[in-house]
Amino acid sequence: MENLEVLNAEQAPVKREPKKDKQGRSYASGRRKDAVARVWVKLGKGNVTVNGKEMKDYFTRPVLQMIINQPFVATAREGQFDVVCTVCGGGLSGQAGAVRHGIARAMDLFEPDLHSTLKKGGFLTRDSRAVERKKYGKAKARRSYQFSKR
């Protein structure tokens, strides 16, 4: 009987501690294609600042704004966190994906209870898809030059 209690105690999930700095922020980096985002998350009113600009000014397309807000929607934490991030490399689409990845990782460190929700949504996994390289004898990665019969 005692052995069962010991086994159950050992199998209990380890409670992770939140990782915050002196200002109450959690830091994480996110990546997508060639873009890299450094993200700081703290409790606030829902302001998202990207490279010193508001999110709506930096990412003007609504699809990119939706991508960035996905971790907040999935965890029902909309308007509860302020996000400050710097992003470089790649294009706007890759940068939005990198910011989303960084926000999810920072939220996981800030509030470890959200880990399973973020993991199920696929926000903690780095999207490894990248542009395929061009091959010699081809116009692009796979496209051949136009064939001329005569």
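Attention in this report is confined to the structure presented alongside it. (Residues numbered from 1 in each chain as written. Predicted model: local features only at pLDDT ≥ 70, side-chain atom pairs only at ≥ 80, totals over all residues. Heavy atoms only, no water.)

### Describing the overall build of the protein chain
Helix and strand content of the protein chain: five helices and five strands. Reading the helices (α) and strands (β) of the protein chain from amino to carboxyl end gives α-β-β-β-β-α-α-β-α-α. Taken over C-alpha atoms, the radius of gyration comes to 21 Å for the protein chain, far larger than the 15 Å a tight globule of 150 residues would show. By the burial criterion, 31% of the 150 residues in the protein chain qualify as buried. Within the protein chain, contacts between residues separated by at least 24 positions form 69% of all contacts whose residues are at least 6 apart in sequence. For the protein chain, the accessible surface area stands at approximately 10,400 Å², while carbon and sulfur atoms represent 52% of it. (Helix = DSSP H or I, 4+ residues; strand = E, 2+ residues; numbered from the N terminus. Rg over C-alpha atoms; globule rule 2.2 N^0.38 Å. Buried < 20%, exposed > 50% of the residue type's maximum accessible area, 1.4 Å probe, protein only. Contact = heavy atoms within 4.5 Å. Areas by Shrake-Rupley, 256 points an atom, 1.4 Å probe, with all protein chains shown as cover.)

### A look at the packing of aromatic side chains
Per the stated rule, a full pass over the model turns up four aromatic pairs. Considering the side-chain rings of Y27 and W40, the 5.1 Å spacing of their centres and the 45° angle between planes classify their relative orientation as tilted. Placement of Y27 in strand β1 (residues 26–32) and of W40 in strand β2 (residues 35–43) is noted, with a sequence separation of 13 residues between them. Assessed through its relative accessible area of 38%, Y27 is described here as partly exposed. Its relative accessible area of 21% is what places W40 among the partly exposed residues. Plain terms: the ring middles of F81 and F110 are 5.2 Å apart, the flat faces sit at 90° to each other, and that makes the pair edge-to-face. With a gap of 29 residues between them, F81 in strand β5 (residues 81–88) and F110 in helix α4 (residues 92–110) connect regions that are remote in the sequence. Each residue in the set F72, F81 and F110 is aromatic and connected to the rest through ring pairs, giving one cluster. We note K20 situated over the ring of F110; from NZ or CZ to the ring centre the distance is 4.2 Å. (Phe/Tyr/Trp six-rings, centres within 6.5 Å; stacked < 30°, edge-to-face > 60°. Lys NZ or Arg CZ within 6 Å of the ring centre and 35° of its normal.)

### Concerning the pairing of β2
Relative to β2, β1 runs antiparallel, the two being bridged by seven bridges. In the sheet register, R32 faces β2, and the bridge partner there is A35. Counted along the chain from β1 to the antiparallel partner β2, the turn is two residues long, and its residue K33 has a positive phi close to 50°. Summarising the sheet, β2 and β5 pair through eight bridges and their orientation is antiparallel. Bridging from a neighbouring strand, K42 pairs with D82 of β5. (Pairing = 2+ DSSP bridges.)

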